[in-house]
Amino acid sequence: TKRWIESKKELTDLQEAKLISDYNSLKDRLNPHFLFNNLSVLKSLIRYNPADAEIFTQNFTNVYRYVLNSHEKKTVVLKDELEFLNSYIALHKERIGEGLDVSITVDEDALKKEIPPMSLQLLIENAIKHNIASKQQKLKIEVKSYPEYLMVKNNINKKETTYSTQTGLKTLKAQFKLLANKDIVIFDDDEFFIVEMPLL
């Protein structure tokens, strides 16, 4: 019995270590490609619109500060995640413009609850990565709270060249399973893509 308990603990430790490794690799997404795109936008703003460049730089700083500060946290307060998300969305809006429409409706009680850090960023990033976002074909993303969960919904207008391994969603599922033994719910009906995450 003792050996069985030890082997179960080892398996759990291995699963947790793998999850942490996968999550850290997901955080690394923000490094090269994201950094390059935003530095290009910033360079253009500095030349043509210095006032907007200052705001953009502040949002850029907020995003990276949050990534560094949440590096070792298992969960964060939703209020903090949303503050980070607003800066993250502002960076994309500077690049995409009117093609990106994001609405956030979250009540006061939900703001005090917790989710894994950067989980909202993952879902927003997925929506932008996989769908067209232009003035003619807007990408509309809705974030809305309910008593027990948070919904992220986007319309679907898929890009032809996008490839997905769904690693991010798999890791998100594993996080909620490990943290609270809860599942995220995913709906995909070719018109809308919806993810419901438990509030912890």
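Structure: above.
Residues numbered from 1 in each chain as written. Predicted model: local features only at pLDDT ≥ 70, side-chain atom pairs only at ≥ 80, totals over all residues. Heavy atoms only, no water.

**Quick notes on the pairing of strand S4 (residues 139-145)**
Put simply, the rule reads: Exposure categories follow from relative accessible area, calculated using a 1.4 Å probe and restricted to protein chains: below 20% of the type maximum is buried, above 50% is exposed, and the middle band is partly exposed. Only DSSP runs of H or I with at least four residues qualify as helices, and only runs of E with at least two residues qualify as strands; both kinds are numbered from the N terminus onward. Note on pairing: DSSP must find at least two bridges between two strands before they are called paired.
Of the two faces of S4, the one lined by Leu139, Ile141, Val143 and Ser145 is fully buried and the one lined by Lys140, Glu142 and Lys144 carries no buried residue. Taken together, the six bridges between strand S2 (residues 100-105) and S4 define a ladder with parallel strand orientation. What sits directly across from Leu100, in S4, is Leu139. The pairing of S4 with strand S5 (residues 149-155) spans five bridges and is classified as antiparallel. Bridged to Ser145 within S5 is Leu150. Counted between consecutive antiparallel strands, the loop separating S4 from S5 contains three residues.

**Description of the side chain of Asn155**
For the record, the criterion: The definition of a polar contact used here is a pair of N or O atoms within 3.5 Å, where within protein one atom must be able to donate a hydrogen and the other to accept one, and adjacent residues in sequence count solely through side-chain atom pairs. It only takes one pair of heavy atoms within 4.5 Å for two residues to be counted as in contact.
Position of Asn155 among the secondary structure elements: in strand S5. Of the polar contacts made by the side chain of Asn155, one reaches the backbone oxygen of Lys138; its length is 3.0 Å. From its side chain, Asn155 meets the backbone nitrogen of Lys140 in a polar contact 2.7 Å long. Discounting chain neighbours no more than four positions away, the residues touching Asn155 are Asn131, Lys138, Leu139, Lys140, Glu191 and Phe192.

**A few points about helix H7 (residues 167-180)**
Heads up, the rule is: Expected span, for any helix, means 1.5 Å times one less than how many residues it has. Arc definition: it is the arc formed by the directions from the helix axis to the C-beta atoms.
Helix length check: H7 (14 residues) gives 20 Å between terminal C-alpha atoms against 20 Å at 1.5 Å per residue, within 8%. Within H7, burial applies to Gly168, Leu169, Thr171, Leu172, Gln175 and Phe176. Angular distribution of buried residues about the axis of H7 spans 160 degrees; they occupy a single face of the element. Immediately beyond the C-terminal end of H7, within one or two residues, lies Asn181, with a positive phi of roughly 55 degrees.

**Observations regarding a positive patch on the surface**
As a reminder, the rule being used: Patch membership requires over 30% relative accessible area and the absence of a salt bridge. Like charges are linked within 9 Å, and nonpolar side chains (Val, Leu, Ile, Met, Phe, Trp, Tyr) within 5 Å. Computed with a 1.4 Å probe, the accessible areas rest on the Shrake-Rupley method; for each residue, only the protein chains presented here act as cover. By definition here, a salt bridge exists when the distance from a side-chain nitrogen of Lys or Arg to a carboxyl oxygen of Asp or Glu is within 4 Å. Charged residues are defined narrowly, with Lys and Arg counted positive, Asp and Glu counted negative, and His plus the chain ends left uncounted. The atoms used to mark charge sites are NZ of Lys, CZ of Arg, CG of Asp and CD of Glu.
On the surface, Lys93, Lys135, Lys138 and Lys140 cluster together to form a positively charged patch. Mapped onto the secondary structure, Lys135 falls in the loop between helix H6 (119-130) and S4.

**Remarks on the pattern of salt bridges**
Per the stated rule, a full pass over the model turns up two salt bridges. Where Glu83 meets Lys79, a salt bridge forms, and the shortest distance between an N and an O atom there is 2.9 Å. Here the residue Glu83 and the residue Lys79 both occupy positions in helix H4 (residues 78-96), the gap between them amounting to four residues, near one helical turn. Residue class for Glu83 comes out partly exposed when judged on its relative accessible area of 45%. We classify Lys79 as partly exposed; its relative accessible area is 42%.

**Focus: the nonpolar core**
Selection criterion: Side-chain atoms within 4.5 Å link the members of a nonpolar core, which is a set of buried Ala, Val, Leu, Ile, Met, Phe, Trp, Tyr and Cys residues.
Core analysis: the largest hydrophobic core is formed by 45 residues, its most contacted members being Leu78, Leu100, Leu120, Ile124, Ile141 and Met197. No other element matches H4, which puts eight residues into this core. Aside from chain neighbours lying at most four places away, what touches Leu120 is Leu78, Glu81, Leu82, Leu85, Ile115, Val143, Leu150, Val152 and Met197.

**Regarding a negative patch on the surface**
Together, Asp188, Asp189, Asp190 and Glu191 make up a region of like negative charge exposed at the surface. Topologically, Asp190 is positioned in the loop between strand S6 (185-188) and strand S7 (192-198).

**Quick notes on the sheet that holds S7**
Rule in force here: All axes are obtained by fitting lines to C-alpha atoms, using only the stretch in contact for helices, and the reported angles, taken between N-to-C directions, cover 0 to 180 degrees.
With mixed pairing, five strands are arranged side by side in an open sheet as S2-S4-S5-S7-S6. Either end of the sheet is taken by a strand with one partner, and the two such strands are S2 and S6. With direction set aside, neighbouring strand axes in the sheet form an average angle of 10 degrees. Set on the sheet, H4 makes contact with S2 and S5; between it and S2 the angle comes to about 165 degrees. Across the face of the sheet, H6 comes into contact with S2, S4, S5 and S7 while running at roughly 160 degrees to S4.

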